[in-house]
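Take a look at the letters that make up each chain.
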Amino acid sequence: MTEAPTTEFDRRMIEALVCPVTQTVLRYDAEKQELVSKAARLAFPIRGGIPVMLVDEARKIED
């Protein structure tokens with residue numbers, strides 16, 4: 001039996017990733033499928049299980 005491919009983000013990968021702008025720790029938002037940088041006020045999308053760490057693709061976070 002073959003296992004179905006998963007698009008869920010590997011949470012262990014977050015330990016190796018930092019914000020490309022501030023080099024600070026990212027927070028994983030499972031509901032929105034994003035990696036959030038509080039310091040840069042940006043949310044980087046996760047598409048197909050792959051974090052997109054491009055500033056141009058990030059969503060600006062408003063307070």
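Residues numbered from 1 in each chain as written. Predicted model: local features only at pLDDT ≥ 70, side-chain atom pairs only at ≥ 80, totals over all residues. Heavy atoms only, no water.

Trainee: Can you break down the nonpolar core residue by residue, with the values?
Mentor: Ile 14, Cys 19, Leu 26, Tyr 28, Leu 35, Leu 42, Phe 44, Ile 46 and Ala 58 form the largest nonpolar core, which has nine residues in total. Looking at this core element by element, the count peaks at three residues for strand E3 (residues 42-47). Beyond its immediate stretch of four places on either side in the chain, Phe 44 contacts Cys 19, Pro 20, Leu 26, Gln 33, Glu 34, Leu 35, Ser 37, Val 52, Met 53, Leu 54, Val 55 and Ala 58. (Core = buried A, V, L, I, M, F, W, Y, C linked by side-chain atoms within 4.5 Å. Buried < 20%, exposed > 50% of the residue type's maximum accessible area, 1.4 Å probe, protein only. Helix = DSSP H or I, 4+ residues; strand = E, 2+ residues; numbered from the N terminus. Contact = heavy atoms within 4.5 Å.)

Trainee: Please give an account of the environment of Thr 22 that cites residues and values.
Mentor: Note on placement: Thr 22 falls in the segment before strand E1 (27-29). A relative accessible area of 29% places Thr 22 in the partly exposed class. Separated by 17 residues in the primary sequence, Thr 22 and Ala 39 have C-alpha atoms spaced 6.7 Å apart. Not counting residues up to four positions away in its chain, the partners in contact with Thr 22 are Ser 37, Ala 39 and Ala 40.

Trainee: Give a detailed account of the pattern of salt bridges, specifying residues and quantitative values.
Mentor: Within this structure, the stated rule accounts for two salt bridges. A salt bridge links Glu 34 to Arg 59, with the nearest nitrogen and oxygen atoms 2.8 Å apart. Here Glu 34, found in strand E2 (residues 34-37), pairs with Arg 59, found in strand E5 (residues 59-60); they are 25 residues apart in sequence, far enough to count as distant. Residue classification places Arg 59 among the partly exposed positions, given a relative accessible area of 36%. Two residues, Glu 57 and Arg 47, come together in a salt bridge whose shortest N-O distance is 3.0 Å. Remark: Arg 47 occurs in strand E3 and Glu 57 occurs in the loop between strand E4 (50-51) and E5; sequence separation between them is ten residues. (Salt bridge = Lys/Arg side-chain N within 4 Å of Asp/Glu carboxyl O.)

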